[in-house]
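Next come the chains, spelled out residue by residue.
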Amino acid sequence: MSNQPLIKVEGLRKLYPIDGGVFRKPSSFNHAVDGLNFEIGHGESLGLVGESGCGKSTTGKMLVKLFEPSDGSVKLQVGDSYINVSNIDRNSRKDFRRNVQMIFQDPYESMNPRMTIFDIVGEPLAVQDIGTISEREERVAEFLEMVGLTPASSFMFRYPHELSGGQRQRVAIARALVIEPAFVVADEPTSMLDVSIRTGVMKLMQDLAERLNVTYLYITHDLAVARYMCDRIAVMYLGKIVEIGPTEELLSNPRHPYTKALLSAVPIPDPRIKRDAVQIEGGISKAIDPQPQCRFYARCPIRDEHCKTHDHPPLEVKGNGMQVACYKVPVE
Amino acid sequence: MTNSSSNRSNGGSSVWQARWALFRKSAAANWALFAENPVGLIGLGIILFFLLLVILHPILLNTVWDPNVYNPINGFDPQSPVNPAPPSARHLLGTAPQGQDILSQLMFSARNEFILAVLAATVTVTMTTTLGAIAAYYGGVIDNVIMRIVDLVIMVPALSILIVVSGLFELSIVQLALVIGLISAFGASTVVIKSQALSIKVKPYIEAARVAGGGDFHIIFRHLLPNLMPIALLYMMFSVTGAIFSEAVLAFLGLLEVDMSWGIMLNTTRNLGFILDFSNRWYLIFPAGLSITLLSSAFYLVGRALDEIVNPRLRQR
Ligand SMILES: Nc1ncnc2c1ncn2[C@@H]1O[C@H](COP(=O)(O)OP(=O)(O)O)[C@@H](O)[C@H]1O
Ligand code: SF4
Ligand SMILES: [Mg+2]
């Protein structure tokens, strides 16, 4: 392996048609994900943070090939070369499914109520024809114990509804990791869990990532969670990444006005981190046929005429490993 | 420890053992629910009663019944030369216009009814679930073609299609079962099953299965169909009711090539002009008529009871 990234995302876009139908071409699009560029290194954990509706899940689902991008590409390193995820042949499809998994937000709806825990966790092994049924049984048991569902034998042949939310999300983690993938997209895996058990699940995910050498894209709307889980953070606003960089630098020295606003809404119990309260008005909506101006313009406390008359600012290196998309953030 | 390792050496039998145990457990739980409901039990009782008749018939013919006298199709009793004759000790339900024993005819016919019912229902249920699942899963052109055929079939009453088909080709019981199965496969139940399949298709566990590497086939057969089975089973019961009733009508109209059935019994009665003389010839009409009503309602009752298990919000408690 090298210091080349595991995942390369280039110009990734997803436009959802708003109207149109069988006889009409859509004339209007929701720019849910609008030109993302980023990389994720081997063993790294990248946080994707932003308000609900900003396009996090859509991005995650394009990375695992649940959705096809409207434009741009996702590349995954397998061996020494990269495979283009949206343009995949039979052989690389197999490599892709062996290496990329996802943990879903809802631990209740993401499991077939008629399948046992063994069948749920073993499904990736079964559909990918890995091992005999008894080998799969052993493997599933091993991973159930690994996620703290012990003894495995008392969980294997139960149904999801017999388990608590926290136990189910542990099952989901075991399922995602059972084929030992290189890359896992975790879409708000703790947001539907009771606050008291979130830390346990997060800690588990971190331990397992280290042990199995997993790379995460960790999606969350909560900066405090991203701070705990991630090496780097990308902040998203209406389909765009507005700021990306190392976790500590981003949190202690936020540059983009949106990141500042998000941070002022999160209590961070760390006296070293000081920040000014920033107020932003309004709520997030949708980027439907957006104007050629900064996406954040309507809510930005420091906007000016330049922002209004120029297209959305490019994501540029501003210093200390930080890339920011804002005309008013100076290059250091 | 020794136990589990020995299990593993013989090819994952512990998985199958565990699955079998789960199956038995859920079967027991479902039976307990079913048994709570007198409606379902009555239906089941009637079905078992007619099954008993089916089983007893050949036994009686091989033991106490002289085949020459009691053959349901061409039996004749020299001791009772005037036919039809009302019930007597030798012929508990009387004799038919051509001298056959009515009880024997009734019992023999029950077998045909079951063959018809099971076959028609199996065809219906396999086809509706598959069609509904495929229409919902693929959508687009495939969905449109299936649903337009369904619209067409729903628009035209099933019985009139059956009358035309059986007028064109003299159908045997098996052929009739296939035709009935096919017609109800494109019936209203497909619409219901498709809408159910649509609601399953958007569940996150379908996306999860795809990320796991599952293809269309896997998703349809491992996720969609098992979740459609309960409701399909329900419609299976109702389609049996329809099948038994349709057979009776077609046989009564003389459109079927069947050696004996309840409908044929009524058809003979009508052809020979006894059908309007109910007060004197009730034994030619009543047993067959009652059997048709009882057996088809029995499946309906079982269906209603299953409905309450499948759709728990119907359960009053
Ligand atoms: N399947 C879909 N079809 C149409 N629009 C969608 C779909 N999924 C998401 N969207 C829209 O795309 C935008 C981004 O949604 P999403 O990716 O779910 O955001 P997040 O995960 O950050 O909350 C929203 O405006 C949402 O309404
Ligand atoms: S470019 Fe202008 S409007 Fe956009 S975030 Fe920066 S200051 Fe605000
Ligand atoms: Mg989301």
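Shown above is the structure to which this text applies.
Looking at the overall build of chain A
Counting its regular elements, chain A contains 11 helices and 12 strands. By the compact-globule yardstick of 20 Å for 332 residues, chain A fits well, its C-alpha radius of gyration being 21 Å. The dimensions of chain A, computed from C-alpha atoms along their principal axes, are 65 × 55 × 40 Å. Among the 332 residues that make up chain A, the fraction classed as buried is 54%. Here the analysis covers contacts within chain A between residues at least 6 apart in sequence; of these, 63% occur between residues at least 24 apart. Carbon and sulfur atoms provide 48% of the accessible area of chain A, an area that totals close to 14800 Å². One finds the centroid of the 39 positive side-chain charges in chain A at a distance of 4 Å from the centroid of its 42 negative side-chain charges.

Quick look at the overall build of chain B
Of the regular secondary structure elements, chain B holds 13 helices and zero strands. Listing the helices and strands of chain B from first to last along the sequence gives α-α-α-α-α-α-α-α-α-α-α-α-α. Looking at chain B as a whole, 48% of its 317 residues are labelled buried. Per element, the accessible surface of chain B, about 15500 Å² overall, is 69% carbon and sulfur. When the 18 basic and 16 acidic side-chain charges of chain B are each reduced to a single mean position, those positions are 16 Å apart.

Focus: the site of ligand 1
Residues and elements named next belong to chain A. All residues in the neighbourhood of ligand 1 are listed as Tyr16, Asn30, Ala32, Glu51, Ser52, Gly53, Cys54, Gly55, Lys56, Ser57, Thr58 and Lys286. Separating an oxygen atom of ligand 1 from a side-chain N or O atom of Ser57 is a distance of 2.7 Å. Here Lys286 contributes a side-chain N or O atom positioned 3.4 Å from an oxygen atom of ligand 1. Burial of ligand 1 by the protein amounts to 66% of the accessible area it has alone, namely 550 Å². When its residues are assigned to classes, the shell around ligand 1 shows three nonpolar, six polar and three charged.

Quick word on the site of ligand 2
Taken together, 13 residues lie near ligand 2, and A:Cys294, A:Cys300, A:Cys307, A:Cys326 and A:Tyr327 sit nearest. The residue makeup of the shell around ligand 2, split by class, is 10 nonpolar, one polar and two charged.

What about the pairing of strand β4 (residues 71-78) of chain A?
Residue and element names in this part refer to chain A. Bridge count for strand β1 (residues 7-17) against β4 is five bridges, and the pairing is antiparallel. The residue bridging Lys8 from the neighbouring strand is Lys75, located in β4. Pairing between β4 and strand β5 (residues 81-84): four bridges, direction antiparallel. Looking at the pairing, Lys75 lines up with Asn84 of β5. Hairpin connection between β4 and β5: a loop of two residues separates the two successive antiparallel strands, and Gly79 in this loop has a positive phi of roughly 65°.

Some points on the pairing of strand β11 (residues 316-319) of chain A
All names here are of chain A. The pairing of β11 with strand β12 (residues 322-324) spans three bridges and is antiparallel. Following the sheet pairing, Val317 is matched in β12 by Gln323. Remark: two residues form the turn of the hairpin made by β11 and β12, two consecutive strands paired antiparallel; Asn320 in that turn has positive phi of roughly 55°.

Brief notes about the pattern of salt bridges
Residues and elements named next belong to chain A. Under the defined criterion, the tally for this structure stands at 21 salt bridges over all chains. For the salt bridge of Glu316 with Lys318, the shortest nitrogen-to-oxygen distance reads 3.4 Å. By relative accessible area, Glu316 is classed as partly exposed at 37%. A single network of salt bridges, built from pairs that share partners, joins Arg13, Asp34 and Arg295.

Some points on the sheet that holds strand β2 (residues 29-40) of chain A
Residue and element names in this part refer to chain A. Taken in spatial order, the four strands make up an open sheet running β2-β1-β4-β5, and their pairing is antiparallel. Two strands in the sheet have a free side with no partner beyond their single neighbour: β2 and β5. Neighbour-to-neighbour, the strand axes of this sheet turn through a mean angle of 25°, independent of strand direction. Taken strand by strand, helix α2 (residues 90-99) contacts β4 and β5, and its axis lies near 80° from that of β4.

Brief notes about the interface of chain B and chain A
At the interface, 26 residues of chain B touch 30 residues of chain A. Carbon and sulfur atoms supply 59% of the area that chain B and chain A bury against each other, a total of about 2500 Å² over both sides. Taken together, chain B and chain A are joined by four salt bridges. In this structure, B:Arg19 engages A:Asp119 in a salt bridge whose closest nitrogen and oxygen atoms are separated by 2.4 Å.

Points about a nonpolar patch on the surface
Judged by side-chain polarity, B:Phe278, B:Trp282, B:Phe286, B:Leu290 and B:Leu294 come together as a nonpolar surface patch covering roughly 440 Å² of accessible area. Its location among the elements puts B:Leu294 in helix α13 (residues 278-310).

A few points about the packing of aromatic side chains
Residues and elements named next belong to chain A. Using the criterion set out here, one finds 14 aromatic pairs over all chains in the structure. An angle of 65° between the planes, with centres 4.6 Å apart, marks the rings of Tyr237 and Tyr258 as edge-to-face. Here Tyr237 is found in strand β9 (residues 232-237), whereas its partner Tyr258 is found in helix α10 (residues 257-264), with 21 residues between them in sequence. As far as the burial class goes, Tyr237 and Tyr258 line up, both buried. Summarising the aromatic geometry, the rings of Tyr258 and Phe296 are spaced 5.2 Å apart at their centres and angled 65° between planes, so their arrangement reads as edge-to-face. With Tyr258 in helix α10 and Phe296 in the loop between α10 and α11 (305-309), the pair connects residues that are 38 residues apart, well separated along the chain.

Here's the deal with a negative patch on the surface
Taken together, the side chains of A:Glu135, A:Glu138, A:Glu142 and A:Glu180 make up a negatively charged region of the molecular surface. Inspection of the secondary structure assignment puts A:Glu138 in helix α4 (residues 133-146).

Structural notes on helix α3 (residues 117-127) of chain A
All names here are of chain A. Most of α3 sits inside the fold, with nine of its 11 residues counted as buried. Of all the residues in α3, the buried ones are Ile117, Phe118, Asp119, Ile120, Val121, Gly122, Glu123, Pro124 and Leu125. Looking one or two residues beyond α3, the residue adopting positive phi is Asp129, at roughly 55°.

Digging into the packing of helix α11 (residues 216-252) of chain B against α13(B)
In a pair of packed helices, the angle between the axes and the distance between the axes together describe the arrangement. All names here are of chain B. Two elements in contact, α11 and α13, have axes whose closest approach is 9 Å; the angle formed by their N-to-C orientations is 165°. Regarding the angle of α11 to α13, the classification is roughly antiparallel. The handedness of the crossing between α11 and α13 comes out as left-handed. Every residue of α13 that contacts α11 at Pro230, Ile231, Leu233, Leu234, Met237, Phe238, Val240, Thr241, Ile244 and Ala248 is listed here: Ile292, Leu295, Ser296, Phe299, Tyr300, Val302, Gly303, Arg304, Leu306, Asp307 and Val310. Residues of the contact of α11 with α13, tallied by class, amount to 16 nonpolar, three polar and two charged.

A few points about unusual backbone geometry
Residue A:Thr150 is joined to A:Pro151 through a cis peptide bond whose omega torsion reads -10°. On the secondary structure map, A:Pro151 appears in the loop between α4 and α5 (153-156). Residue B:Pro84 is reached from B:Asn83 by a cis peptide bond, and omega for that bond is -5°. Relative to the helices and strands, B:Pro84 is located in the loop between α4 (67-70) and α5 (102-138). A positive phi angle, close to 45°, is found at A:Glu188, a residue other than glycine. Residue position: A:Glu188 is located in the loop between β7 (183-187) and α7 (195-212). For A:Glu188, a relative accessible area of 10% gives the class buried. The residue A:Leu238 is not glycine, and still its phi comes out positive at about 45°. A:Leu238 sits in the buried class, given a relative accessible area of 8%.

Conventions and cut-offs
Residues numbered from 1 in each chain as written. Chains lettered and ligands numbered in written order. Predicted model: local features only at pLDDT ≥ 70, side-chain atom pairs only at ≥ 80, totals over all residues. Heavy atoms only, no water. Helix = DSSP H or I, 4+ residues; strand = E, 2+ residues; numbered from the N terminus. Rg over C-alpha atoms; globule rule 2.2 N^0.38 Å. Buried < 20%, exposed > 50% of the residue type's maximum accessible area, 1.4 Å probe, protein only. Contact = heavy atoms within 4.5 Å. Areas by Shrake-Rupley, 256 points an atom, 1.4 Å probe, with all protein chains shown as cover. Lys, Arg positive; Asp, Glu negative; His and termini not counted. Charge placed at Lys NZ, Arg CZ, Asp CG, Glu CD. Near = heavy atom within 4 Å. Polar contact = N/O pair within 3.5 Å; in protein donor to acceptor, adjacent residues only side chain to side chain. Nonpolar A, V, L, I, M, F, W, Y, C, P; charged D, E, K, R; others polar. Pairing = 2+ DSSP bridges. Salt bridge = Lys/Arg side-chain N within 4 Å of Asp/Glu carboxyl O. Axes fitted to C-alpha atoms, helices over the stretch in contact; angles between N-to-C directions. Buried area = accessible area lost by both parts, 1.4 Å probe. Patch = residues over 30% accessible without salt bridge, like charges linked within 9 Å, V, L, I, M, F, W, Y side chains within 5 Å. Phe/Tyr/Trp six-rings, centres within 6.5 Å; stacked < 30°, edge-to-face > 60°. Parallel < 35°, antiparallel > 145°, perpendicular 65-115°, else oblique. Left-handed = near helix turned anticlockwise from the far one by under 90°.

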